[in-house]
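# Descriptive analysis of the structure
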Amino acid sequence: MNPELIERTQRFLFASEEEMEEARLPMPVRTRLLRLRDMYAYWLRHPAYADKAIVAQLRLQYKVGFTQAYEDVRLLKICLGNLGQVTRQWCQFLFMQRCEEGFAMARASGDANAFAKVLSALGKFTRLDHDEAIGPDYSQIVPQQFELTTDPAVAGFERIPNVQERVRLLFKRFKKEAEEADAVEVVQPQEPNTHAAAHPSY
């Protein structure tokens, strides 16, 4: 599957239509993203459904062909990951949707108190009650303590007995071999003159 298609789907699956328009996504792409978003939610509500059931739902609800439906399922599975785990991104999207529903119900009933409660929950979720200039409290971070040691056993290595003596003997051996080795002259082979061969003189 096209990596660009996967990246675009993951990036804009929960984007607003305004964000899609700002990104200059063609209308067919936007339509497909909205379809995938709808089926993403549908599959999370029915995690036991197999691929064939989702394909059937896509064909029934959106009148797409088999090839398109199976490609949509592949994209959905990439975005969903493990169906046994609800993604944080999905929870964020669901929370925003529920807030919109809460606002709509509060407006319909004229309940200003309920409207304020939903607004307060949204503010905490989006951290609008925190000053952006205040960074994280690094004083709570406890640095890892390290203890220097020359014992190789700490890293899982066994000590080599008489290692310095072994180094001395190996150095002496290789030095002797290097001194006794015969010098060999390396002659660089000349490359054939292809230009002259391609254009013989007459």
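Before reading on, note that the structure itself is shown above.
We now turn to the structure provided with this report. Remember, predicted model here, so these are calculated numbers, not experimental data. (Residues numbered from 1 in each chain as written. Predicted model: local features only at pLDDT ≥ 70, side-chain atom pairs only at ≥ 80, totals over all residues. Heavy atoms only, no water.)

### Details of a negative patch on the surface
There is a patch of like negative charges on the surface, built from Glu17, Glu18, Glu19, Glu21 and Glu22. Positionally, Glu17 belongs in helix 2 (residues 17-22). The exposed category is assigned to Glu17, whose relative accessible area is 51%. (Patch = residues over 30% accessible without salt bridge, like charges linked within 9 Å, V, L, I, M, F, W, Y side chains within 5 Å. Areas by Shrake-Rupley, 256 points an atom, 1.4 Å probe, with all protein chains shown as cover. Salt bridge = Lys/Arg side-chain N within 4 Å of Asp/Glu carboxyl O. Lys, Arg positive; Asp, Glu negative; His and termini not counted. Charge placed at Lys NZ, Arg CZ, Asp CG, Glu CD. Helix = DSSP H or I, 4+ residues; strand = E, 2+ residues; numbered from the N terminus. Buried < 20%, exposed > 50% of the residue type's maximum accessible area, 1.4 Å probe, protein only.)

### A word on unusual backbone geometry
For Arg24, which is not a glycine, the phi torsion comes out positive at approximately 60°. Here Arg24 is to be found in the loop between helix 2 and helix 3 (27-45). Classification of Arg24 by relative accessible area gives exposed; the value is 75%. You will see that Lys63, though not glycine, has its phi angle at about 60°, which is positive. Position of Lys63 among the secondary structure elements: in the loop between helix 4 (51-62) and helix 5 (66-80). According to the relative accessible area criterion, Lys63 is exposed, its value standing at 65%.

### Looking at the packing of aromatic side chains
Going through the model one piece at a time under the given rule, you end up with four aromatic pairs. Pairing Phe95 with Phe125 gives two aromatic rings, centres 4.3 Å apart and planes at 35°, and the pair type is tilted. Placement of the pair is Phe95 in helix 6 (residues 88-109) and Phe125 in helix 7 (residues 112-125), with a sequence separation of 30 residues. A relative accessible area of 34% places Phe125 in the partly exposed class. On the numbers, 4.8 Å between centres and 45° between planes, the contact of Phe103 with Phe115 is tilted. With a gap of twelve residues between them, Phe103 in helix 6 and Phe115 in helix 7 connect regions that are remote in the sequence. We classify Phe115 as partly exposed; its relative accessible area is 28%. (Phe/Tyr/Trp six-rings, centres within 6.5 Å; stacked < 30°, edge-to-face > 60°.)

Structural measurements only, silent on function.
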